[in-house]
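Close look at the chain arrangement
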Amino acid sequence: HQALVEDVPTTKRDIYYKDVPLFKTQALVDRLVDDLAATFDIGRLIIFFQRAASKGLFSGGGLVIHLLSGETIQGNDSEGMLIPIAEEISHFQVDDSLVWVLIVEKEAVFQTLSRLKFASHPSLPGPGVIITGKGYPDIATRQLVKTLSDNLSSKVSLAALVDGDPYGIDIMSVYKFGSASLRHENEKLAARRIHWLGIWGSELNELGVDKDAMIPITTYDEKKALSMLQRPESVMLPRWRRELMCMLHLRRKAEIEILCSTSTAAQEQALEDVEQFIRDPRMPHEDSQTPRTPVFHPLVSYLSRKLWECYNSMDEF
């Protein structure tokens, strides 16, 4: 009420610190604010509670974000750009040649893909955009994914790369179906088109990954998996359910890093090979008269195959 009267926006953190003995925990303030917004069916911004600062990143030259201030955020293939909050955005500009959008769970994997210029990689069916929410996504990242999901052609694939464990699947579920804490806003944030590209624990054997190289599940993983298996089929798809049961059976989880655990030197070589391949696929190695075949990063090889499958079939995973 004070924020409305004085026309001064506040945050949930400010409210908590104004009376710590009363609220006792930040989580209680968070829940009260969300409950008020849901009860009155209004967004939190209308009652002057600002969103948390955005943290998500995107890369790919095929996306340009125009801000209300008149500034533009031009995506590029080699580094991440901060995703602004929706209230600052005027409109998006998407290149007509865009073929895919990849949502990546982890920032470290996002940075690896950006460094390898994966958004315009020659092994792919066309250019794309990579997005990460750095784990569980913030509102700004979910709004960007939702906007792309609603407005891009059905021929553009939206895919997710997450860990093959309960938390990875739960993060993907937040993007696709929404979160429990923001039920009243899920229709505005859920991007139903998202496919689960990987990584799946059930496919690691065919990829030549030994079971012993996988990480043993923890008690928390097991509890989380069992809890998620109780969810209705509308938000726990058969493929997701099978992978959780596979994880519980193997007592191992599949993390994305198992595909990108090459040395720094190998990554440098992969980047050099990609750049040379783009310039001239026939260019010979400096110490040899035979053409060099580019040594693609194992994560790039995996994603290239999966995105081609998605591009060719467009079937729901």
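Residues numbered from 1 in each chain as written. Predicted model: local features only at pLDDT ≥ 70, side-chain atom pairs only at ≥ 80, totals over all residues. Heavy atoms only, no water.

A count of helices and strands for the protein chain gives 12 helices and 11 strands. The 317 residues of the protein chain split such that 49% are buried. A separation of at least 24 residues holds for 73% of the contacts in the protein chain among residues at least 6 apart in sequence. Put simply, the protein chain shows about 16000 Å² of open surface, and 54% of that area lies on carbon and sulfur atoms. (Helix = DSSP H or I, 4+ residues; strand = E, 2+ residues; numbered from the N terminus. Buried < 20%, exposed > 50% of the residue type's maximum accessible area, 1.4 Å probe, protein only. Contact = heavy atoms within 4.5 Å. Areas by Shrake-Rupley, 256 points an atom, 1.4 Å probe, with all protein chains shown as cover.)

Mapped onto this structure's residue numbering, the UniProt feature "active site" (unreviewed entry) falls at Tyr17. Examined against the element boundaries, Tyr17 turns out to sit in helix H2 (residues 12–18). (UniProt positions renumbered as here; feature names shortened; annotations may be inferred.)

Right, let's get into the side chain of Arg239. The topology assignment puts Arg239 in helix H10 (residues 238–250). Only 2.8 Å separates the side chain of Arg239 from the side chain of Glu243, close enough to count as a polar contact. (Polar contact = N/O pair within 3.5 Å; in protein donor to acceptor, adjacent residues only side chain to side chain.)

Attention now goes to the pattern of salt bridges. Oppositely charged side chains can pair when the atoms bearing their charge come close. Tallied over the entire structure, the rule returns 12 salt bridges. Where Glu107 meets Lys134, a salt bridge forms, and the shortest distance between an N and an O atom there is 3.9 Å. In this pair, Glu107 sits in helix H5 (residues 107–115) while Lys134 sits in the loop between strand E7 (128–132) and helix H6 (139–151), placing the two residues 27 residues apart along the sequence. Taking relative accessible area as the criterion, Glu107 reaches 31% and is therefore assigned partly exposed. Ionic pairing is found between Arg251 and Glu222, a salt bridge with its closest N-O pair at 3.4 Å. Residue Arg251 is found in the loop between H10 and strand E11 (252–253), and its partner Glu222 is found in helix H9 (residues 219–228); the two are separated by 29 residues along the sequence. By relative accessible area, Arg251 is classed as partly exposed at 36%. In this structure, a network of salt bridges that share partners links the residues Lys106, Asp163, Glu255 and Glu257. (Salt bridge = Lys/Arg side-chain N within 4 Å of Asp/Glu carboxyl O.)

Strand residues, when the strand is regular, have side chains that alternate between the two faces of the sheet. For strand E2 (residues 63–67), the buried fraction is high: 5 of the 5 residues fall into the buried class. Here E2 shows two buried faces, one formed by Leu63, Ile65 and Leu67 and the other by Val64 and His66. For E2 and strand E5 (residues 89–94), the ladder comprises 5 bridges, and the chain directions are antiparallel. Of the residues in E5, the one forming a bridge with Leu67 is Ile89. From the end of E2 to the start of strand E3 (residues 72–74), which pair antiparallel, there are 4 residues, and Gly70 there has a positive phi angle of about 100°. (Pairing = 2+ DSSP bridges.)

Our next topic: the packing of helix H7 (residues 166–177) against H10. Two elements in contact, H7 and H10, have axes separated by 11 Å at closest approach and are oriented at 165°. If you check the angle between H7 and H10, you find them roughly antiparallel. For the pair H7 and H10, the crossing hand works out as left-handed. Of the residues in H10, those in contact with Pro166, Ile169, Met172, Ser173, Lys176 and Phe177 of H7 are Trp240, Leu244 and Met247. Classifying every residue of the contact of H7 with H10 by side-chain character gives 7 nonpolar, 1 polar and 1 charged. (Axes fitted to C-alpha atoms, helices over the stretch in contact; angles between N-to-C directions. Parallel < 35°, antiparallel > 145°, perpendicular 65-115°, else oblique. Left-handed = near helix turned anticlockwise from the far one by under 90°. Nonpolar A, V, L, I, M, F, W, Y, C, P; charged D, E, K, R; others polar.)

Right, let's get into the packing of aromatic side chains. Applying the stated rule across the entire model yields 5 aromatic pairs. Between Trp196 and Trp200, the ring centres sit 6.2 Å apart and the planes meet at 75°, which makes this aromatic pair edge-to-face. In this structure Trp196 comes out as buried when scored by relative accessible area, which is 1%. Above the face of the Trp200 ring, Lys306 is positioned so that its terminal group lies 3.9 Å from the ring centre. (Phe/Tyr/Trp six-rings, centres within 6.5 Å; stacked < 30°, edge-to-face > 60°. Lys NZ or Arg CZ within 6 Å of the ring centre and 35° of its normal.)

A separate point is the confidence of the model for the protein chain. When pLDDT is averaged along the protein chain, the result is 80, and 81% of the positions lie at 70 or above. Counted against residues more than four places away or in other chains, residues 262–271, with its pLDDT under 50, gives 15 contacts. This stretch, residues 281–295, has a pLDDT under 50; its non-local contacts, to residues over four places away or in other chains, come to 21 contacts. (pLDDT = per-residue confidence, 0-100.)

A separate point is the sheet that holds E5. If you trace the 3 strands from one edge of the open sheet to the other, you get E3-E2-E5, paired in antiparallel fashion. Each edge of the sheet is formed by a strand with only one pairing partner; in this case those strands are E3 and E5. Shown here is a sheet whose adjacent strand axes are inclined to one another by a mean of 15°, direction ignored.

It is worth spelling out the packing of H7 against H9 at this point. Two numbers describe how H7 lies on H9: the axes approach to 9 Å, and their chain directions differ by 45°. Between H7 and H9, the angle falls in the class oblique. Contact residues: H7 offers Pro166, Tyr167, Ile169 and Asp170, while H9 offers Tyr220, Asp221, Lys224, Ala225 and Met228.

Over its 16 residues, helix H12 (residues 298–313) runs 23 Å from end to end, which matches the ideal 22 Å to within 8%, given 1.5 Å per residue. Of all the residues in H12, the buried ones are Leu299, Val300, Tyr302, Leu303, Ser304, Lys306, Leu307 and Cys310. (Expected span 1.5 Å × (residues − 1).)

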